Amino acid sequence: MKLVHYLKPVRTVLFLWCALTVAAGHAEEPLGRENAVKALHRCVEFFRTHASTHGGYVFRISEDLSLREGEVKVGNTTAWIEPPATPSVGNAYLEAYRLTSDPLLLDAAMETATALLRGQLVSGGWGEQIEFASDDRERYAYRSDSVDGTKRRNTTTFDDDKTQSVIRFLMRLDIATGQSDAAIHDAVLYALDGVLQSQYPNGAWPQRYDSIPTGAPNPVLKASYPTTWSKTYVKQPYDRYYTLNDGTIADLITTLLEAFDLYHDARYFNAAIRGGDFLLLAQMPLPQPGWAQQYNPQMQPSWARKFEPPAITGGESQQVMRTLLLLYRRSADERYREAVKTALTYYETCLRKDGRLARFYELKTNRPLYMTQTYELSYSDADVPTHYSFVVKSSLGRIRSELEKIESTPRDRLWVPSQPKPPKQTESLAAEAARVVAELDARGAWVESGKLKSHPEANVKRIISSATFIRNLNTLATYIAATN
């Protein structure tokens, strides 16, 4: 047999090895600052031009840009408020500007702020959406339209971090620009005044409001169990109830603490502390020293939506405990720490076999409560609706670690304001930045597999997501900052 027959397979192996080596070397070539800046500009210009309406944003858009949705279907002249929509995108621009000092990003943040100012209501905050078409705006009491709010929709909502997220973004932008934009500064103070005025005497807030409550204030009471409660849904207005659901009061407290840190107005700190005092009032007595999602004026757990019964919650309670630990760090008030210790011990006994928590526990019996798909209460999770989390992840271990850390911290070191550290270049950061650049399409968009829940008839399979844009923009900005 000739030698060439032996060399052929060797040459093939060598060729493949060389090809793979070259390909791998090419894939590992550093992205470089210049390419990262170009990619950042492309994605921001695309998102501002094609994903925005008047500087406002939504949750998701179809790949061809024809369909849009927030929590519900919206048209191309409507922006959404709830994160990760308009204020979250604006905050992403602002954070990227802080990291890179790129004026394009500050301009984008200012454009988003202008959109939000057009959506501020006479009542002080923001609703679910902002309408920009003239005919649609006539239905709302937008402050910028110089209306009195008496005959138009004027409902400020704290649900799902809507108004709170707007306030935080506008505050940060106000400080970043040296309070040089009078309209932004005025909108922030006006919104914060609305938060202060809507706080109840017991320290709580409603889920939403359209006017400041007047008349005899509700009595300040400690939480208690109702003598009886209906096992079937009781439809009733609950928007003025004391609401922990979806982080309403926890988000207000953290927003007010940030307002105090930025503006040094003691009213904001005092209101946050009063909010914490309400959380103490809302802690249920034994045998279930946790919290409910919402309370009626008698400070008893109550029905809200048809899948939210009077119950002890394993969901919002975890955010409540983290908020109380934050308040303990800020105030050194032992009551906040002690409330967490009591609640944490209780919730650790509530863990399911899978290590998670039920969203609801029956009053007094502590049995996990679920709903069937026909919205009937059940002790089984075999037939729960899919639109709502009736089982939630447990963060009890992390809360326990935080509590132990706090208990070993000297009182004079409980609160040390943190300063952002310059990002460091790492292999993982470089690889992630290279990945997000490679995934940009020719337009400068990140397109991914996904659906538009509010457009089932369209059978959309690929979308452009604000959440993905925010995450990838932060990656690029962090990489650029780390290359300095």
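Conventions adopted
- Residues numbered from 1 in each chain as written.
- Predicted model: local features only at pLDDT ≥ 70, side-chain atom pairs only at ≥ 80, totals over all residues.
- Heavy atoms only, no water.
- Pairing = 2+ DSSP bridges.
- Helix = DSSP H or I, 4+ residues; strand = E, 2+ residues; numbered from the N terminus.
- 1 Å grid on protein atoms, 1.4 Å probe; cavity = no way out; pocket = protein on both sides within 12 Å on 5 of 7 lines; lining within 4 Å.
- Points joined across faces, edges and corners; volume = space filled by probe spheres on them.
- Nonpolar A, V, L, I, M, F, W, Y, C, P; charged D, E, K, R; others polar.
- Phe/Tyr/Trp six-rings, centres within 6.5 Å; stacked < 30°, edge-to-face > 60°.
- Buried < 20%, exposed > 50% of the residue type's maximum accessible area, 1.4 Å probe, protein only.
- Expected span 1.5 Å × (residues − 1).
- Contact = heavy atoms within 4.5 Å.
- Polar contact = N/O pair within 3.5 Å; in protein donor to acceptor, adjacent residues only side chain to side chain.
- Axes fitted to C-alpha atoms, helices over the stretch in contact; angles between N-to-C directions.

### Re the pairing of strand β13 (residues 368-371)
By the bridge criterion, 2 bridges tie strand β12 (residues 360-361) to β13 in an arrangement that is antiparallel. Following the sheet pairing, Y361 is matched in β13 by P368. The antiparallel pairing of β12 with β13 creates a hairpin that spans 6 residues between the two strands, and K364 there sits at a positive phi of about 75 degrees. Where β13 lies against strand β14 (residues 377-378), 2 bridges are found, and the strand directions are antiparallel. Across the sheet, the residue bridging to Y370 is S378, located in β14. Here β13 folds back onto β14, and the loop between the two strands holds 5 residues, one of which, Y375, carries a positive phi near 60 degrees.

### Describing the sheet that holds strand β10 (residues 312-313)
On the basis of which strands lie adjacent, the open sheet formed by 4 strands has the order β10-β12-β13-β14 and antiparallel pairing. Taken across any chain shown, the strands that pair with only one partner, and hence form the sheet edges, are β10 and β14.

### Things to note about the layout of surface pockets
In this structure, the largest pocket occupies an estimated 810 Å³ of space. Its residues assigned to classes, the lining of the largest pocket comprises 4 nonpolar, 7 polar and 12 charged. Roughly 530 Å³ of internal volume is contained in the second largest pocket. Contributing to the lining of the second largest pocket are 17 residues, with R98, R172, E258, L262 and P420 lying nearest its centre. Those elements that place two or more of their residues in the lining of the second largest pocket are α3 (86-100), α6 (162-176) and α8 (248-263). Per element, the largest residue contribution to the lining of the second largest pocket is 5 residues, and it comes from α3. A per-class count over the lining of the second largest pocket returns 9 nonpolar, 3 polar and 5 charged.

### Topic: the packing of aromatic side chains
Across all of its chains, the model carries 19 aromatic pairs by this definition. Ring plane angle 65 degrees and centroid distance 5.7 Å describe the contact between Y242 and F278, whose orientation is recorded as edge-to-face. On the criterion of sequence distance, the pair formed by Y242 in strand β8 (residues 242-243) and F278 in helix α9 (residues 266-282) is long-range, its members being 36 residues apart. As far as burial versus exposure is concerned, Y242 and F278 are alike and both buried.

### Points about α9
Taking 1.5 Å as the rise per residue, α9 with 17 residues should run 24 Å; its terminal C-alpha atoms sit 24 Å apart, in good agreement. For α9, the full list of buried residues reads Y268, F269, A271, A272, I273, G275, G276, F278, L279, L280 and A282. Those residues of α9 that are buried are in contact with α7 (182-198), β8, α8, β9 (294-295), α10 (316-331) and α11 (334-348). Put simply, D265 is the residue that caps the front of α9, since its side-chain oxygen is 3.0 Å from the backbone nitrogen of R267.

### Description of the environment of A113
Inspection of the secondary structure puts A113 in helix α4 (residues 103-119). Each C-alpha atom of the pair A113 and D261 lies 21 Å from the other, and the pair is 148 residues apart in sequence. Among all residues touching A113, those that are not within four sequence positions of it are F169, L170, L173 and I184.

### Some points on the sheet that holds strand β17 (residues 462-465)
Overall, antiparallel pairing links the 5 strands, which are arranged β3-β2-β1-β17-β16 in an open sheet. Taken across any chain shown, the strands that pair with only one partner, and hence form the sheet edges, are β3 (73-74) and β16 (448-449). Pairing analysis gives 2 bridges linking strand β2 (residues 68-69) to β3, with the strands arranged antiparallel. Bridge assignment links R68 to a residue of β3, and that residue is V74. Seen against the sheet, helix α2 (residues 33-51) touches β1 (60-62), β2 and β17 and runs at an angle of roughly 105 degrees to β17.

### Quick word on the environment of F469
Checked against the element boundaries, F469 lands in helix α14 (residues 466-482). Residues F469 and V416, 53 residues apart in the sequence, show an inter-C-alpha distance of 32 Å. Setting aside anything within four residues of it in sequence, one finds F469 in contact with C43, V44, F47, V89, Y93 and W446.

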